[in-house]
Amino acid sequence: MALIVQKYGGTSVGSVERIQAVAQRVFRTVKAGNSLVVVVSAMGKTTDGLVKLANEITSNPSRREMDMLLSTGEQVSIALLSMALHRLGQPAISLTGAQVGIVTEAEHTRARILRIETDRLNRHLQKGEVVVVAGFQGISATDDLEITTLGRGGSDTSAVALAAALQADFCEIYTDVPGILTTDPRLVPDAQLMTEITSDEMLELASLGAKVLHPRAVEIARNYGIPLVVRSSWTDDPGTWVISPPPKPRPLEGLELVRPVDAVEFDTDQAKVSLLRVPDRPGVAARLFGEIASQDLDVDLIIQSIHEGNSNDIAFTVTKDSLNKAEAVANAIIPALCKPLLGESIPALDAAEVMVEQQIAKVTISGAGMIGRPGVAAQMFSTLADAGINIQMISTSEVKVSCVIAQEDCDRAIAVLCEAFEVTSSPVSEGTGYRATELDIAPSASAVSSAPAALHPPVRGVALDLKQARLAIRQVPDRPGMAAKIFKLLADQNISVDMIIQSQRCRVVNGMTTRDIACTVAQMDGELARLALEKAASELGYGEVLVDAAIAKVSIVGSGMVGQPGVAARMFTALAEQHINIQMIATSEIKISCLVAEDDGVRALQAIHAAFGLSGSQKIQVPA
Ligand code: ADP
Ligand code: ASP
Ligand code: MG
């Protein structure tokens, strides 16, 4: 006999017939000898409908009133499901988030769960009742007991949090697809089902646009070691398991607000190659990294920043012993990259240049708790700035922020970051040739990874995010502390940023060296971000702030790409073959993201999915 939390999404409870089918499955699960807590979403597109109603009244509704409105959707479906269970003779009771005691912070429309009371749940379970809980909602910890919601898609998070609080045996997410697929089957019908995926990979996919799981649900599953499976509501097929590493012990108090950073990692075996002023056109990145891969050189970080005019900068890091070879490849390929196209008269070759830097190090903070908490990256930047350390490159993912800095600053950076994030000990891998300090720091995973490549294909999944906007901040003074100030400004508005990139090229404006910084934010935050940054422009001394919402982000994810040369080249080649121009590139250890024009997004996704051989023979049909 197991204690199971099951969650049914909107489509799965989209009609009376479907609610009855859910009741049947719940009933069968209980009859098999299990105790059950069931979390449900609002029926079908109810929540979208409620948002639309609000927008018909005002374009800027109060966030508190939005919570009041949106939380009603789930209240309908819990009552109906409970009735359907009664009809089958199964004792059941529906409870709202408040009645359960799903206690959250008072942040309306994006509250994080602080704790879940389990007394009442256990009382009902002990009586043999199925408890049907409204997903997506909670109650604030303040005296006023405000109704809160967890953010769109948040019922997944309610379910996994309940499983953690109740120490359930596992959590099942029932939805309208057979499980986690290589990409969204609505855009690529021959996407393939995976039988399992690691929580790290799923965290990346979820945060890069795969909406099948809410990233915070994956975070909780990973933090508390909850076995999690995504399955179809329409069949008994086994679905996809999300595999988490054995968790470190964690209190249940402060559930989603525990320490955001688990580890500080470093890698001193890195060197940087930058190509400045190469033409901004399809195929450039593909040729460069194709050549690098054919020399069997493994690149770690790659960034391509945006720039004014018709040229780009591309920078990448390799291990120090590969630097000479990588530099030679870069120098050799520049003439080919810069050859003017027919009818073009740009003197590209004169302008282009290769720069290398050997004395660099990468420092990384990692931890699933930083998801949706923009203040964490900002704190890393300000901690480095306060220590007078300049950041040369930044690479971010949902669970990691890496900064490339001068090698001589590495020890100091580790010390101040450990202090700032209260990381005292993390496991050290022996014999990797990396420095372990008395602070007990782990060398970065890319440096010590024990060949997962053999177990996994390099790319597990591909995601498309059409809801991002690109921000460009021009002529930012090149001195310590600027990234910290800029991202603190955005964090103060609760705006999460991704793909933060500083241009490699410096420009001297009024005697001051400047660089451009670009990043992506959620489209709905674009204007707010621009206004906040513009307000501070003269004080902080940077130039124009531009926002472009007509962009798409396509990403590949897979832990197998660590230590496998040629993965980036394959992605860039797939785009080049479609004549799709890459506007920005950012990588982390297990993902590569490219920004392309919005209109190219779906074509880019399809081309990349095919290029990595992810298509299956079966076509996935998604019910309406
Ligand atoms: P629910 O209402 O059950 O929570 P969602 O609509 O939130 O369902 O999530 C399921 C949808 O996620 C699927 O219908 C599919 O279109 C989309 N999706 C995007 N990426 C993936 C992926 N990699 N695997 C499976 N589904 C995906
Ligand atoms: N009903 C909410 C939404 O549509 C929560 C969820 O379904 O997960 O976002
Ligand atoms: Mg969902």
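This write-up is about the structure you can find in this document. (Residues numbered from 1 in each chain as written. Chains lettered and ligands numbered in written order. Predicted model: local features only at pLDDT ≥ 70, side-chain atom pairs only at ≥ 80, totals over all residues. Heavy atoms only, no water.)

**Topic: the site of ligand 2**
Part 1 of the argument: In the vicinity of ligand 2, the residues found are S41, A42, T47, E74, F136, R152, G153, G154 and S155.
Part 2 of the argument: S41 places a polar side-chain atom, nitrogen or oxygen, 3.0 Å from an oxygen atom of ligand 2.
Part 3 of the argument: Contact distances for ligand 2 include 3.4 Å between an oxygen atom and a backbone N or O atom of G154.
Part 4 of the argument: Surface burial for ligand 2 is 86%, taken as the share of its 260 Å² of free accessible area covered by protein chains.
Part 5 of the argument: Class assignment for the residues of the shell around ligand 2 results in two nonpolar, five polar and two charged. (Near = heavy atom within 4 Å. Polar contact = N/O pair within 3.5 Å; in protein donor to acceptor, adjacent residues only side chain to side chain. Areas by Shrake-Rupley, 256 points an atom, 1.4 Å probe, with all protein chains shown as cover. Nonpolar A, V, L, I, M, F, W, Y, C, P; charged D, E, K, R; others polar.)

**A few points about the pairing of strand β26 (residues 551–557)**
Part 1 of the argument: Most of β26 is tucked away, with seven of its seven residues classed as buried.
Part 2 of the argument: Burial along β26 is two-sided: I551, K553, S555 and V557 and A552, V554 and I556, pointing in opposite directions, are all buried.
Part 3 of the argument: For β26 and strand β28 (residues 591–597), the ladder comprises seven bridges, and the chain directions are antiparallel. Bridge pairing in β28 places K553 opposite L595. (Buried < 20%, exposed > 50% of the residue type's maximum accessible area, 1.4 Å probe, protein only. Helix = DSSP H or I, 4+ residues; strand = E, 2+ residues; numbered from the N terminus. Pairing = 2+ DSSP bridges.)

**Here's the deal with empty space enclosed by the protein**
Part 1 of the argument: Taken as a whole, this structure holds four cavities of 30 Å³ or more when the rule is applied.
Part 2 of the argument: For the largest cavity, the calculated volume is near 130 Å³.
Part 3 of the argument: In terms of lining residues, the largest cavity is bounded by 17 residues, among which N390, R479, M482, A483 and Q502 are the most central.
Part 4 of the argument: Among the secondary structure elements, those contributing two or more residues to the lining of the largest cavity are α12 (375–386), β21 (468–477), α15 (482–492) and β24 (512–522).
Part 5 of the argument: With three residues, α15 is the single largest residue contributor to the lining of the largest cavity.
Part 6 of the argument: By volume, the second largest cavity is sized at about 80 Å³.
Part 7 of the argument: Along the walls of the second largest cavity sit 17 residues, with R281, V284, A285, Q304 and I582 positioned nearest its centre.
Part 8 of the argument: Secondary structure elements with two or more residues in the lining of the second largest cavity: β13 (263–279), α9 (284–294), β15 (311–318) and α18 (567–577). (1 Å grid on protein atoms, 1.4 Å probe; cavity = no way out; pocket = protein on both sides within 12 Å on 5 of 7 lines; lining within 4 Å. Points joined across faces, edges and corners; volume = space filled by probe spheres on them.)

**Here we look at the packing of helix α2 (residues 46–57) against helix α3 (residues 63–87)**
Part 1 of the argument: Running from N to C, α2 and α3 cross one another at 150 degrees; their axes reach a closest spacing of 8 Å. What the angle tells us is that α2 and α3 run roughly antiparallel. Where α2 crosses over α3, the two elements pack in a sense that is right-handed. Along the contact surface, α2 presents T46, T47, L50, V51 and A54, while α3 presents M66, L69, L70, T72 and G73. (Axes fitted to C-alpha atoms, helices over the stretch in contact; angles between N-to-C directions. Parallel < 35°, antiparallel > 145°, perpendicular 65-115°, else oblique. Left-handed = near helix turned anticlockwise from the far one by under 90°. Contact = heavy atoms within 4.5 Å.)

**Regarding a nonpolar patch on the surface**
Part 1 of the argument: Together, V76, L80 and M83 make up a nonpolar patch on the protein surface, roughly 250 Å² of accessible area in all.
Part 2 of the argument: Its location among the elements puts M83 in helix α3. (Patch = residues over 30% accessible without salt bridge, like charges linked within 9 Å, V, L, I, M, F, W, Y side chains within 5 Å. Salt bridge = Lys/Arg side-chain N within 4 Å of Asp/Glu carboxyl O.)

**As for the pattern of salt bridges**
Part 1 of the argument: Summed over all chains, the structure comprises 33 salt bridges.
Part 2 of the argument: Residues D409 and R412 are paired through a salt bridge, measuring 2.9 Å at the closest nitrogen-oxygen approach.
Part 3 of the argument: For D409, a relative accessible area of 10% corresponds to the buried category.
Part 4 of the argument: Notably, a salt bridge pairs R603 with D600, separated by 2.9 Å at the nearest N-O pair.
Part 5 of the argument: Through salt bridges with shared partners, a single network forms among E265, D300, K362, K400 and E589.

**Some points on the nonpolar core**
Part 1 of the argument: By size, the foremost hydrophobic cluster in this structure holds 54 residues, and its most contacted members are L275, F289, F316, I556 and F572.
Part 2 of the argument: When sequence neighbours within four positions are dropped, the list of residues in contact with F316 reads A271, K272, V273, L275, L288, F289, I292, V299, L301, I302, A326 and M393. (Core = buried A, V, L, I, M, F, W, Y, C linked by side-chain atoms within 4.5 Å.)

**Some points on the site of ligand 1**
Part 1 of the argument: In the vicinity of ligand 1 there are 17 residues, among which T175, D176, L181, D184 and R186 approach most closely.
Part 2 of the argument: Within the backbone of G10, an N or O atom sits 3.1 Å from an oxygen atom of ligand 1.
Part 3 of the argument: In the environment of ligand 1, an oxygen atom lies 2.7 Å from a nitrogen or oxygen atom belonging to the side chain of R186.
Part 4 of the argument: Out of a free accessible area of 570 Å², ligand 1 has 91% covered by protein chains.
Part 5 of the argument: A class-by-class count of the residues in the shell around ligand 1 yields seven nonpolar, five polar and five charged.

**As for the packing of aromatic side chains**
Part 1 of the argument: All chains considered together, the criterion is met by five aromatic pairs.
Part 2 of the argument: Where F170 meets W241, the ring centres are 6.0 Å apart and the plane angle is 70 degrees; that geometry is what we call edge-to-face. Note that F170 is positioned in strand β9 (residues 170–175) and W241 in strand β12 (residues 240–243), a separation of 71 residues in sequence.
Part 3 of the argument: Through pairs of rings, three or more aromatic residues link up here, namely F289, F316 and F572. (Phe/Tyr/Trp six-rings, centres within 6.5 Å; stacked < 30°, edge-to-face > 60°.)

**Points about the sheet that holds strand β5 (residues 113–116)**
Hydrogen bonding along the main chain pairs the strands of a sheet, whether they run parallel or antiparallel.
Part 1 of the argument: Spatial ordering of the open sheet is given by β5-β4-β7-β8, a layout of four strands whose pairing is mixed. Each end of this open sheet is capped by a strand with a single partner; those strands are β5 and β8 (147–149). Adjacent strand axes in the sheet meet at a mean angle of 45 degrees, parallel and antiparallel pairs treated alike.
Part 2 of the argument: Pairing of strand β7 (residues 137–140) with β8 involves three bridges; the strand directions are antiparallel. Within the sheet, the bridge partner assigned to Q137 lies in β8 and is T149.
Part 3 of the argument: Lying over the sheet, α3 contacts β7 and β8, oriented at roughly 75 degrees with respect to β8.

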